[in-house]
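Commentary on secondary and tertiary structure
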Amino acid sequence: MTDTTVSLQDIRDAAKRITGAAHRTPVIRSRTLDALAGAEVHLKAENLQRIGAFKFRGAYNAIARLSPEQLARGIATYSSGNHAQAVALAARELGSTAVIVMPADTPAAKIDAVRGYGAEIITYDRYTGDREQIGERLAAERGLALIPPYEHPDVIAGQGTAALELLEDVPGLDAIVVPVGGGGLIAGSATAAKGLQPGIRVIGVEPAAGDDTKRSLQAGERVRIPVPRTIADGQAAPIPGELTFSINRRLVDEIVLVTDDEIRDALRFAVDRLKLVMEPSGASGVAALLAGHVSPVPARIGVIISGGNVGAARLAELLG
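Not measured: the values here are computed from a predicted model.

Conventions and cut-offs
- Residues numbered from 1 in each chain as written.
- Predicted model: local features only at pLDDT ≥ 70, side-chain atom pairs only at ≥ 80, totals over all residues.
- Heavy atoms only, no water.
- Phe/Tyr/Trp six-rings, centres within 6.5 Å; stacked < 30°, edge-to-face > 60°.
- Helix = DSSP H or I, 4+ residues; strand = E, 2+ residues; numbered from the N terminus.
- Buried < 20%, exposed > 50% of the residue type's maximum accessible area, 1.4 Å probe, protein only.
- Lys NZ or Arg CZ within 6 Å of the ring centre and 35° of its normal.
- Core = buried A, V, L, I, M, F, W, Y, C linked by side-chain atoms within 4.5 Å.
- Contact = heavy atoms within 4.5 Å.

The subject of this paragraph is the packing of aromatic side chains. Any pair of aromatic rings gets described here by the distance separating the centres and the angle formed by the planes. In total, this model carries one aromatic pair according to the counting rule given. Seen in terms of ring centroids, Phe56 and Tyr60 are 5.6 Å apart; in terms of plane orientation they differ by 45°. Their pairing is tilted. A residue pair is termed a helical-turn pair when its members lie 3 or 4 positions apart in one helix, as Phe56 and Tyr60 do in helix H3 (residues 55–64) at four residues. The burial state of Phe56 is the same as that of Tyr60; both residues are buried. Stacked on the ring of Tyr127, the Lys or Arg Arg229 has its end atom at 4.0 Å from the ring centre.

Printed below as a string of structure tokens:
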């Protein structure tokens, strides 16, 4: 794999590498959702993935490719939560250790999970601190391998295995709908989808308060926005990654936006009708369908539910 791009073959190789470590998550159907969306909808339930999110795929793939010497020294990363859990668990399973830089306001359920996997946590203020600088300095000082949340070809290839599985299980989809934060999931998903079906439509979903990727695609260059304030904390990126944007500007057809209230409606629908727990970021694709933001509506749609890491108290607060 080169350091500048990701191919369908890279994703297929990643799929082999993570077999037996990551779950092959189910694809879920709902006649009620079909009726509301006006389409045949196939939900790829990455909320049922290990650590509760798709991030385990990319973290495990990247860490599994490190040398024994790098594994012995340990791993560093920075994350709002799901990638932190993924790195912590993957490092433990591959015989390494992890140090994670996390925002001080990360939901408690995610911090508890990271600690539970045995990782060391270093906190910072997401509105004043630069997590990339902190992570890079930490890795340099301690001699750790830095595995960023999305700006890494092995991470992107691992994330793309979710869409690869979806299209293997449900071939011939007209479109896939993918939540967008830093852009790693949709970059991998678009690479897999367009590689398998060049005519498929790839639609990203961002929170309305965090539309950095939509603005960047419109401008033709990466655009930085203030750190988003949204319930979708996993999508609160202020600027797309350089590598992810280079892929997404070629392969993503459009980005649609959802409000926090629309995400809440999707969370409620997921609990009431799908019997699924989603975190706000994970529900953004369903929110886009329920709110009618995907137009024209493709006949057969795949939606990646990116994660389900929300505690009971926080979910009750969001739905209340």
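Another aspect to go through is the nonpolar core. Within the largest apolar cluster, 33 residues are counted, with the highest numbers of intra-cluster contacts made by Val41, Leu43, Met278 and Val303. Among the elements that make up this core, the one with the highest residue count is helix H12 (residues 260–274) (six residues). Leave out the neighbours within four places in its chain, and Met278 touches Leu267, Ala270, Ala283, Val286, Ile305, Gly307, Gly308, Val310 and Leu315. In this structure, Ile11, Leu173, Leu185 and Ala193 belong to the second largest nonpolar core, which totals 31 residues.

In terms of residue burial, H3 counts as a mostly covered element, since nine of its 10 residues are buried. The inward-facing, buried residues of H3 abut helix H1 (8–18), strand S2 (40–45), helix H4 (68–73), strand S3 (75–78), helix H5 (82–93) and helix H8 (153–169).

Functional significance is not addressed by these values, which are geometric in nature.
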